[in-house]
Amino acid sequence: MNAKEKLIVAMPKGRIFEEAADLLRRAGVPLPPEFDDSRKLIVPVPKANLDFILAKPTDVPTYVEYGVADIGVVGKDVLLEENRDVYELLDLQISRCRISVAGLPGWRPSGSSAPRVATKYPHVASKYFREQGQQVEVIKLNGSIELAPLIGLADRIVDIVSTGRTLKENGLVELEEIMPITTRLIANRVSYRMKSEAVDYIYEKFASIVEER
Ligand SMILES: Nc1ncnc2c1ncn2[C@@H]1O[C@H](COP(=O)(O)OP(=O)(O)OP(=O)(O)O)[C@@H](O)[C@H]1O
Ligand SMILES: O=P(O)(O)OC[C@H]1O[C@H](OP(=O)(O)OP(=O)(O)O)[C@H](O)[C@@H]1O
């Protein structure tokens, strides 16, 4: 894979990384073998005219909006929550999961006060319950969301469900799916116009691999 202009690509560390690196390799990007285990945060791949920056997943849309990365790879959950001004180019169809409402089985609203909802996704949760016409109090947590109903912090949670194992092992049940989630390719609005040849090139490479799957 090569293109005239150099592109900076923001890649999320963590869960999405391995599947995204696999897609890139199959798209012909000669990623160095140490790419997967390295602690380096900037990895140039001169043969492909690409520089990779390895970021916290929730920061990827920020780097792309500000143009320090031309394109990025990020979960739809993060895009919805962060609401950054970026172009969503392609559904890469990897790291499939869903955002759902969950809680203890048999829980019923008391009627007196707004139910409390714990989540890493306060914007997604607020929008969902607003659209449902339900008044709730949203409490932002940063992890181990399933703890909240077990220790009485919240009545329900809004969180990612993949295999369902975390819910099951904590005696919780999935109540409603809010939306399915996959990983997306995003682009900075200016790069999309000013580096259109390079962005198109990468888009086409990714699209052909995604279609093959
Ligand atoms: N079981 C899952 N749990 C969480 N995220 C998942 C799951 N399956 C796929 N994903 C995708 O992976 C992304 C999260 O990756 P990861 O868990 O590495 O990030 P993170 O939650 O920000 O990590 P951390 O906060 O531990 O640094 C999500 O944005 C989502 O799109
Ligand atoms: O349905 P499952 O396959 O069990 O996956 C879902 C779990 O994975 C994620 O947590 P993560 O491991 O990222 O830990 P966290 O609690 O720190 O967010 C997510 O927040 C759920 O807790």
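Residues numbered from 1 in each chain as written. Chains lettered and ligands numbered in written order. Predicted model: local features only at pLDDT ≥ 70, side-chain atom pairs only at ≥ 80, totals over all residues.

Per an unreviewed UniProt entry, the protein chain goes by the name ATP phosphoribosyltransferase and belongs to Aneurinibacillus aneurinilyticus ATCC 12856. The record in UniProt for the protein chain states the following under Function (unreviewed entry): "Catalyzes the condensation of ATP and 5-phosphoribose 1-diphosphate to form N'-(5'-phosphoribosyl)-ATP (PR-ATP). Has a crucial role in the pathway because the rate of histidine biosynthesis seems to be controlled primarily by regulation of HisG enzymatic activity." Comment text from UniProt for the protein chain, heading Subunit (unreviewed entry), reads "Heteromultimer composed of HisG and HisZ subunits." (UniProt positions renumbered as here; feature names shortened; annotations may be inferred.)

Draft legend 1. Spatial organisation of the overall build of the protein chain. Summing up its helical and strand segments, the protein chain has eight helices and 11 strands in all. Taking all 213 residues of the protein chain together, the buried fraction comes to 33%. In the protein chain, once contacts between residues fewer than 6 apart in sequence are set aside, the share between residues at least 24 apart is 68%. (Helix = DSSP H or I, 4+ residues; strand = E, 2+ residues; numbered from the N terminus. Buried ≥ 20, exposed ≤ 12 C-beta atoms within 10 Å, placed from the backbone. Contact = placed C-beta atoms within 7 Å.)

Draft legend 2. The site of ligand 2, seen in detail. Taken together, G143, S144, I145, E146, D159, I160, V161, S162, T163, G164, R165 and T166 form the complete shell of residues around ligand 2. Those elements that provide at least two residues to the shell around ligand 2 are strand 9 (156-161) and helix 6 (165-169). Examining the composition of the shell around ligand 2, we find that three residues originate from one element, strand 9, more than from any other. Residue composition of the shell around ligand 2, by class: three nonpolar, six polar and three charged. (Near = placed C-beta within 6 Å. Nonpolar A, V, L, I, M, F, W, Y, C, P; charged D, E, K, R; others polar.)

Draft legend 3. Structural view of the nonpolar core. Counting 31 residues, the largest nonpolar core has V9, A10, V60, V64, I71 and V73 as the members making the most contacts within it. Only strand 1 (7-12), helix 1 (15-26), strand 3 (50-55), helix 2 (60-65), strand 4 (71-75), strand 11 (183-187) and helix 8 (196-212) provide two or more residues apiece to this core. Among the elements that make up this core, the one with the highest residue count is strand 1 (five residues). Counting residues in each nonpolar core, the second largest holds 18 residues, with A102, V136, A148 and V158 among its members. (Core = buried A, V, L, I, M, F, W, Y, C linked by C-beta atoms within 7 Å.)

Draft legend 4. Inspection of the confidence of the model for the protein chain at higher detail. Counting all residues, the mean pLDDT for the protein chain is 94, and 99% of those residues have values of 70 or more. Interface confidence for the predicted complex, given as ipTM, is 0.96, next to a pTM of 0.95. (pLDDT = per-residue confidence, 0-100.)

Draft legend 5. Focus on helix 1. Every buried residue of helix 1 is accounted for by I16, A20, L23 and L24. Each buried residue of helix 1 lies within a common arc of 100 degrees when the element is viewed along its axis, so the set occupies one face. Contacts from the buried residues of helix 1 go to strand 1, strand 4, strand 11 and helix 8. Looking one or two residues past helix 1, G28 carries a phi angle of roughly 100 degrees, positive in sign. (Arc of directions from axis to C-beta.)

Draft legend 6. Representation of the UniProt feature "domain: ATP phosphoribosyltransferase catalytic" (unreviewed entry) in the protein chain in the model. As annotated by UniProt and renumbered to match this structure, "domain: ATP phosphoribosyltransferase catalytic" (unreviewed entry) occupies residues 56-206. In residues 56-206, helix accounts for 32% and strand for 30%; the two terminal C-alpha atoms are 22 Å from one another.

Draft legend 7. The arrangement of the domain arrangement of the protein chain in detail. Domain annotation of the protein chain identifies domain 1 (7-95 + 182-212) and domain 2 (97-180). Inter-centroid distance (C-alpha atoms) of domain 1 to domain 2 is 30 Å. Facing the six residues of domain 1 at the interface are seven residues of domain 2. Counted by class, the side of domain 1 that touches domain 2 contains one nonpolar, three polar and two charged residues. (Domains from an automatic or database assignment.)

Draft legend 8. Quick peek at helix 4 (residues 122-131). Inspection of helix 4 places A125, Y128 and F129 among the buried residues, and these make up the whole buried set. Angular distribution of buried residues about the axis of helix 4 spans 90 degrees; they occupy a single face of the element. Of the exposed residues in helix 4, those oriented more than 90 degrees away from the buried face are R130 and E131. Check the buried side of helix 4 and you find it contacts strand 7 (116-119), strand 8 (137-140), strand 9 and strand 10 (173-181). Remark: G133 follows helix 4 within two positions and exhibits a positive phi of approximately 70 degrees.

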